Amino acid sequence: MVSPQEIELELNGISTMVELTSVFEGIASMRIAQVKNQVLQSQQYFDALWQMYSQIRVGDFFHFGRQESDEKIIDKELYIAITAEGGFSGDIDQKLINWMLKDHDPEKQDIIVIGHHGAIQLAQNHIKFLKYFKLPSKDQNINVSPIIREVQKYKSASVFYQQYVSLMVQDVKKISLGGAVESKGKLVGKSKDFISEETYIFEPSAYAVVDHLERSMMNIALSQVILESKLAQYASRFRAMSAAHSKGMESVDELRLQFNRAKRAIKDERLKEITSGMKVMRGMAK
């Protein structure tokens, strides 16, 4: 039979875990509120930028910030996997990596991973990746320029990221980075007021201005996808910590019941010993 002391020791350990999960749950909830606001602001800024871009008439070729260069474009697709930096994000990172690897062909795609957790999982699956970037710790002014420079080397690029559906539901998505920019722009619509070199002066040229806008929009699109991933990661962490907290509370209740039963069993055993001793004493007195 397990002693009350052993049960009490386990109970203290579980209680500490319950307190920690409650703290992590609270932090995740706070971060969700903050990041949701940042995602909304990022979308609003993109909308304003697209409105300006769509008014400029220099042709329909949208080259996503690629300036003319002698550097040869790599005839492969670049996969960008956005994962958590740590391992407290539930199972959503594993789900994302498994989904990405279903269609992965090293001869056709290269991989860049954002987030240490994803890098570990790829290494465990013996999958080589081109580069690893830390998941930005801040939610504003995210510097994605190093990633954009890698994107510009490839024929196309796709992003695998987590999507926030609700506090208890998160999903994984795959989008073309260029498609992300175009689809966001379509939500804004086009203005009837056109801007052209006939009515405005561009310095140094209209194409240079468009190139800058395209580069900025791709930066914003990738930054927003990272923010959406962080939002889903926080929600997944909240869900995991909430489940762990509930399970821990159930364990605490069960251990407390075992502890009380063990103490009662000891008291009953002592009472039996006392009763048996009294019977023996009475027998000796007779």
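Residues numbered from 1 in each chain as written. Predicted model: local features only at pLDDT ≥ 70, side-chain atom pairs only at ≥ 80, totals over all residues. Heavy atoms only, no water.

Explanation requested: the overall build of the chain in the structure shown.
Per the secondary structure count, the chain includes 6 helices and 5 strands. Of the contacts made within the chain by residues no fewer than 6 positions apart, 80% connect residues no fewer than 24 positions apart. As displayed, the chain offers around 17,100 Å² of accessible surface, 54% of which is attributable to carbon and sulfur atoms. (Helix = DSSP H or I, 4+ residues; strand = E, 2+ residues; numbered from the N terminus. Contact = heavy atoms within 4.5 Å. Areas by Shrake-Rupley, 256 points an atom, 1.4 Å probe, with all protein chains shown as cover.)

Got a minute to help me understand the packing of aromatic side chains in this structure?
Each pair of aromatic rings is reported with the distance of its centres and the angle of its planes. Under the definition given, this model contains 2 aromatic pairs. On the numbers, 4.8 Å between centres and 70° between planes, the contact of Tyr79 with Phe160 is edge-to-face. Of this pair, Tyr79 sits in strand 1 (residues 74-82) while Phe160 sits in strand 4 (residues 154-166), and the two are 81 residues apart along the sequence. Neither Tyr79 nor Phe160 differs from the other in exposure class; each is buried. An angle of 80° between the planes, with centres 5.7 Å apart, marks the rings of Trp99 and Phe160 as edge-to-face. Placement of Trp99 in helix 2 (residues 92-102) and of Phe160 in strand 4 is noted, with a sequence separation of 61 residues between them. (Phe/Tyr/Trp six-rings, centres within 6.5 Å; stacked < 30°, edge-to-face > 60°. Buried < 20%, exposed > 50% of the residue type's maximum accessible area, 1.4 Å probe, protein only.)

Even after reading the chapter, I still don't get the nonpolar core, so can you show me in this structure?
Grouped burial of nonpolar side chains is what soluble globular proteins tend to show. Ranked by internal contacts, the top residues of the largest apolar core, which has 29 residues, are Ile80, Ile82, Ile114, Val151, Val159, Leu222 and Ile226. For this core, the secondary structure elements donating two or more residues are helix 1 (4-55), strand 1, strand 2 (109-114), helix 4 (145-151), strand 4 and helix 6 (206-285). It is helix 6 that provides the largest number of residues to this core, a total of 9 residues. Beyond its immediate stretch of four places on either side in the chain, Ile82 contacts Leu96, Ile114, Leu135, Val159, Phe160, Tyr161, Gln162, Val225, Ile226, Ser229 and Gln233. Tyr79, Ile97, Ala119 and Leu122 belong to the second-largest nonpolar core, a separate cluster that totals 13 residues. (Core = buried A, V, L, I, M, F, W, Y, C linked by side-chain atoms within 4.5 Å.)

What exactly am I supposed to notice about the pattern of salt bridges here?
Where charged atoms from two side chains of opposite charge come close, those side chains can pair. Inspection of every chain in the model, using the stated rule, returns 6 salt bridges. For the salt bridge of Glu150 with Lys131, the shortest nitrogen-to-oxygen distance reads 2.7 Å. On the criterion of sequence distance, the pair formed by Glu150 in helix 4 and Lys131 in strand 3 (residues 131-133) is long-range, its members being 19 residues apart. The partly exposed category is assigned to Lys131, whose relative accessible area is 36%. (Salt bridge = Lys/Arg side-chain N within 4 Å of Asp/Glu carboxyl O.)

Please explain unusual backbone geometry as it appears in this structure.
Backbone phi values are negative for most residues with the exception of glycine, while trans is the configuration of most peptide bonds. Positive phi values are uncommon outside glycine, yet His126 reaches one of about 60°. With respect to the helices and strands, His126 occurs in the loop between helix 3 (116-124) and strand 3. The class for His126 is exposed, based on a relative accessible area of 74%.

Can you help me understand the pairing of strand 4 in this one?
Every regular strand shows the same layout, with side chains that alternate between the two sheet faces. Sheet topology note: the strand 1/strand 4 ladder contains 6 bridges and is parallel. Following the sheet pairing, Ile80 is matched in strand 4 by Val159. Here 8 bridges tie strand 4 to strand 5 (residues 169-176), and the two strands are oriented antiparallel to one another. Paired with Tyr164 across the bridge in strand 5 is Gln170. The hairpin formed by strand 4 and strand 5 contains 2 residues between the paired strands. (Pairing = 2+ DSSP bridges.)

How do you make sense of helix 3 when you look at a structure like this?
Residues separated by three or four positions in an α-helix point in the same direction, a consequence of the helix having 3.6 residues per turn. When helix 3 is considered as a whole, its buried residues turn out to be His117, Gly118, Ala119, Gln121 and Leu122. The inward-facing, buried residues of helix 3 abut helix 2, strand 2 and strand 3. One or two steps after helix 3, the chain reaches His126, where phi turns positive at roughly 60°.

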